[in-house]
Amino acid sequence: MGSSEQQQGVPHQHARAKSKISPLHEMQLRAFLSAADDVDADSDTLDDLMDGVGEEICSSMTDQDSLSELSDAENPESTPDNSIFNAAISADAADSDSEQIDPAELHALEQEAERAWTKEEIRRMMYFLKEQGMGAFIKEYVVVRQIPVVKLLFAFGIPLCPELRAKTPATLLYFLKVAISRVLRLRERLPQYNTIEHAVSLIQRSRRIIILTGAGISVSCGIPDFRSRNGLYASLKASGQYDLDDPQQMFVDRQRNRMHRPSNFHVSQIYPSNFIPSPCHRFIKLIEDKGKVYPNLSQNYTQNIDTLETQAGIQRVLQCHGSFKTATCLLCRKQVPGVEIEREILERRVPYCKTCLEVHRAAEAQKSRITKKGKKKRNEWDDDSDDSDDDILAGVMKPDITFFGEKLNDEFDRALLEDRNKVDLLLVIGTSLKVSPVSEILSHLPHSVPQILINRTPIRHINPDVVLLGNADDIVQYLCERLHWELPPPTPQRGSRLDVPVMLGKNGKRSSAEMTGGVEPVQVGESHVWLFPGAEGGKWVEDIREKYDHVVRQVSPHSEPGAKKARVT
């Protein structure tokens, strides 16, 4: 390293060597770091955040166990505020073993926060945010009104310490997004909706329904999901069939632009020709047929890639993570209908681009002619190199599926922007909402739009108005009965090579929802949570029960116990 480089590196090394930061700075820094998984923070922002922090403190702050203590995701129905960022200004904020915050500094921050906004101004800002969303809020208040981020944060209850106020504009915007995200994510329930009757009534009268779906609606068909502990990637790795450093390696070796050997090619396990739509798929189609979709509204936002929505006949579907509907050459980028590579996938052969293959063969033929002609003239043309395998590779056709780290196409952003002001009911079915940016859809919708969750397990970081836990197929069958709707039988889509016969799934059985049972759901206490067969909730459900039982005891302390308790796993 040259002397100039050494001189440039000294300040940064000196800053990193500092081990002393103020208690308020440390508390707020930990809180913002804990939010990095929820709000995307690039490496420059993280570096800027940690600039001036000693290595020992830096290590402790990035420890996941430490950061997890700051999360309120496990708290059912958490209050939508940002108190975690300004908790240090309370008298008991600092641990007894920690250095206490300077009272004068606290008083100055309190005075500054009180002068920044009136309660009415804050109320209007929060209403605007909850109804218009993050993008509109930033555009209105940061871009149009040009209000400093530090002042805006006061409205969210976050008085930034002096050290964090000196960060770059990009980092300050990250702070604002964190504050906004916490308010949007911890949506307040609409208290007028609690029962299954309310859910049925909402579905019955709504005319602009958006349905957000995930792997849970296809698992009953025999399709493994990708990302769960028992998903396709995990099972392949556990079985030793394939060491997955990158999920995309399941399809392609990016170093050589070639598909893996057929023995390692598992796309056929999730190819839609092997499956038939589930009751959930048919329920979505039924909602569409009942005229509950506004013109130009993307009714079904699906994270699945199996195209079973299309097979079920759903017209207005947005496949957020792509699908097998089309495939693209990794070399020339030519796109073709997915049915053109169907045979290769089902036979576990590598699908190649026909255009590139023709070019490749023509080039090989030309090369062969030149080589033969040259060898007749000069033997010196011969050499020991063996590059015939690497000169020109035929392009591999990859299904148009979005992999980890890849940005969703522009259609997703456009649809969400157009739909947010049209929707009058949101149904979330069969998803844990852990994959961004689809998981952020709920944050983009107005908080006044009712939300119904249908899932096997609760989703702790959202706050739906009615929660129906259990096997999704059973739940939609039950809702159809209450709505007096007839769920159509599974039928193949005509005129497509992706059609499948009406027959049992690969495992020889259908879900329990195919049979009409008589099991009634059980309400958790007096809450908005209802349990169906297959429900999993554990401590979360028990916490909900205890919370609402406590409310009932306060209202009616002499009421007789006797309500049937639900069994949960």
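This text follows the structure it describes.
Residues numbered from 1 in each chain as written. Predicted model: local features only at pLDDT ≥ 70, side-chain atom pairs only at ≥ 80, totals over all residues. Heavy atoms only, no water.

## Section: the packing of aromatic side chains
Part 1: According to the stated counting rule, one finds 8 aromatic pairs in the structure shown.
Part 2: Ring centres of Tyr-301 and Phe-412 lie 6.3 Å apart, and the angle between their planes is 85 degrees; on these two criteria the pair is classed as edge-to-face. Taken together, the positions of Tyr-301 in strand E2 (residues 300–302) and Phe-412 in helix H19 (residues 410–419) put the pair 111 residues apart, joining distant regions of the chain.
Part 3: Assessed through its relative accessible area of 3%, Phe-412 is described here as buried.
Part 4: Stacked on the ring of Trp-117, the Lys or Arg Lys-151 has its end atom at 4.7 Å from the ring centre. (Phe/Tyr/Trp six-rings, centres within 6.5 Å; stacked < 30°, edge-to-face > 60°. Helix = DSSP H or I, 4+ residues; strand = E, 2+ residues; numbered from the N terminus. Buried < 20%, exposed > 50% of the residue type's maximum accessible area, 1.4 Å probe, protein only. Lys NZ or Arg CZ within 6 Å of the ring centre and 35° of its normal.)

## Considerations on the side chain of Asn-463
Part 1: One can find Asn-463 in the loop between strand E8 (451–455) and strand E9 (466–469).
Part 2: Of note is the side chain of Asn-463, whose polar atom sits 2.8 Å from the backbone oxygen of Arg-187. (Polar contact = N/O pair within 3.5 Å; in protein donor to acceptor, adjacent residues only side chain to side chain.)

## As for the pairing of E9
On a regular strand, each side chain points to the face opposite its neighbour's, so the side chains alternate between the two faces of the sheet.
Part 1: Covered by surrounding structure in E9 are Val-466 and Leu-468 together with Val-467 and Leu-469, the residues of both alternating faces.
Part 2: As paired strands, E8 and E9 are joined by 4 bridges and run parallel to one another. Directly across from Ile-452, in E9, lies its bridge partner Val-466.
Part 3: Sheet analysis places E9 next to strand E11 (residues 529–531), joined by 3 bridges and oriented parallel. Bridging across to E11, Val-467 finds its partner in Val-529. (Pairing = 2+ DSSP bridges.)

## Here we look at unusual backbone geometry
Part 1: In this structure, Gln-146 is a non-glycine residue whose phi angle is positive, near 55 degrees.
Part 2: By relative accessible area, Gln-146 is classed as exposed at 62%.
Part 3: A positive phi is found at Arg-333, a non-glycine position, where the angle reads about 70 degrees.
Part 4: Mapped onto the fold, Arg-333 is located in the loop between strand E4 (322–329) and strand E5 (335–337).
Part 5: Given the relative accessible area of 54%, Arg-333 is considered exposed.

## Re helix H15 (residues 279–289)
Part 1: Within H15, 10 of the 11 residues are buried, which leaves it mostly tucked inside the rest of the structure.
Part 2: Every buried residue of H15 is listed here: Pro-279, Cys-280, His-281, Arg-282, Phe-283, Ile-284, Lys-285, Leu-286, Ile-287 and Glu-288.
Part 3: The inward-facing, buried residues of H15 contact helix H13 (196–205), strand E1 (209–213), E2, helix H16 (308–311), strand E7 (425–429) and helix H21 (472–483). (Contact = heavy atoms within 4.5 Å.)

## Comments concerning the packing of helix H8 (residues 119–132) against helix H9 (residues 134–144)
Part 1: Relative orientation of the contacting elements H8 and H9 amounts to 135 degrees, with a least axis distance of 7 Å. Regarding the angle of H8 to H9, the classification is oblique. Of H9, the residues touching H8 (which contributes Met-125, Phe-128, Leu-129 and Gln-132) are Met-134, Ala-136, Phe-137, Glu-140 and Tyr-141. (Axes fitted to C-alpha atoms, helices over the stretch in contact; angles between N-to-C directions. Parallel < 35°, antiparallel > 145°, perpendicular 65-115°, else oblique.)

## Notes on the sheet that holds E4
Part 1: Sheet architecture is open: 3 strands sit in the order E5-E4-E6, paired in antiparallel fashion. Where the open sheet ends on each side, the last strands, each with one partner, are E5 and strand E6 (397–401). Strand-to-strand twist across the sheet, computed as the mean angle between neighbouring axes with direction ignored, equals 40 degrees.
Part 2: Bridging between E4 and E5 involves 3 bridges; their strand directions are antiparallel. Paired with Thr-328 across the two strands is Gln-335, which belongs to E5.

## With respect to the nonpolar core
Part 1: Core analysis: the largest hydrophobic core is formed by 44 residues, its most contacted members being Phe-156, Leu-160, Tyr-174, Phe-175 and Ile-180.
Part 2: Listing elements by their share of this core, those giving two or more residues are helix H2 (23–34), helix H3 (43–50), helix H7 (103–116), H8, H9, helix H10 (149–155) and helix H12 (169–185).
Part 3: Contact partners of Ile-180, with chain neighbours within four places excluded, come to Leu-129, Met-134, Phe-137, Ile-138 and Phe-156.
Part 4: Among the nonpolar cores identified, the runner-up in size contains 35 residues, and Leu-425, Ile-452, Val-466 and Ile-475 belong to it. (Core = buried A, V, L, I, M, F, W, Y, C linked by side-chain atoms within 4.5 Å.)

## A short note on the environment of Leu-164
Part 1: You can see Leu-164 is positioned in helix H11 (residues 162–165).
Part 2: Residue Leu-164 is classed as buried on the basis of its relative accessible area, which comes to 0%.
Part 3: In sequence terms Leu-164 and Gln-28 are 136 residues apart; their C-alpha atoms lie 8.5 Å from each other.
Part 4: Once residues lying within four places of it in the same chain are set aside, the contact partners of Leu-164 are His-25, Gln-28, Leu-29, Phe-32, Leu-49, Leu-172 and Phe-175.

## Observations concerning the sheet that holds E2
Backbone-to-backbone hydrogen bonds join strands into a sheet, with any given pair of strands oriented parallel or antiparallel.
Part 1: The strand order across the open sheet formed by 8 strands is E3-E2-E1-E7-E8-E9-E11-E10, and the pairing between neighbours is mixed. Two strands close off the open sheet at either side, each with one partner strand: strand E3 (317–319) and strand E10 (522–523).
Part 2: Here E1 pairs with E2 via 3 bridges, running parallel. Bridge pairing in E2 places Leu-212 opposite Tyr-301.
Part 3: Contacts from H19 reach E1, E2 and E3 within the one sheet, and its direction differs from that of E2 by about 145 degrees.

## With respect to the pairing of E4
Part 1: Among the 8 residues of E4, 6 are classified as buried, and the element is accordingly described as predominantly covered.
Part 2: Inspection of the sheet shows E4 paired to E6 by 4 bridges, in the antiparallel sense. Considered in E6, the bridge of Thr-328 is made with Lys-398.
Part 3: Two successive antiparallel strands, E4 and E5, enclose a turn made up of 5 residues, where Arg-333 displays a positive phi of approximately 70 degrees.

## Description of the environment of Glu-342
Part 1: For Glu-342, the location among the structural elements is in helix H17 (residues 342–346).
Part 2: For Glu-342, a relative accessible area of 7% corresponds to the buried category.
Part 3: Put simply, Glu-342 and Phe-324 are 18 residues apart on the chain and 9.1 Å apart in space, counted from C-alpha to C-alpha.

## Some thoughts on the pattern of salt bridges
Part 1: As enumerated under the stated definition, the model contains 14 salt bridges in all.
Part 2: Between Arg-145 and Glu-140 there is a salt bridge, with its nearest N and O atoms 2.8 Å apart.
Part 3: A salt bridge links Arg-343 to Glu-347, with the nearest nitrogen and oxygen atoms 3.6 Å apart.
Part 4: Residue class for Arg-343 comes out exposed when judged on its relative accessible area of 51%.
Part 5: We classify Glu-347 as partly exposed; its relative accessible area is 42%.
Part 6: Residues joined in a network through salt bridges with shared partners are Glu-120, Arg-123 and Arg-124. (Salt bridge = Lys/Arg side-chain N within 4 Å of Asp/Glu carboxyl O.)

## Some words on a negative patch on the surface
Part 1: Together, Asp-42, Asp-44, Asp-47 and Asp-51 line one region of the surface with negative charge.
Part 2: Among the secondary structure elements, Asp-44 is positioned in helix H3. (Patch = residues over 30% accessible without salt bridge, like charges linked within 9 Å, V, L, I, M, F, W, Y side chains within 5 Å. Areas by Shrake-Rupley, 256 points an atom, 1.4 Å probe, with all protein chains shown as cover. Lys, Arg positive; Asp, Glu negative; His and termini not counted. Charge placed at Lys NZ, Arg CZ, Asp CG, Glu CD.)

Limitation: the analysis is restricted to geometry and does not speak to function.
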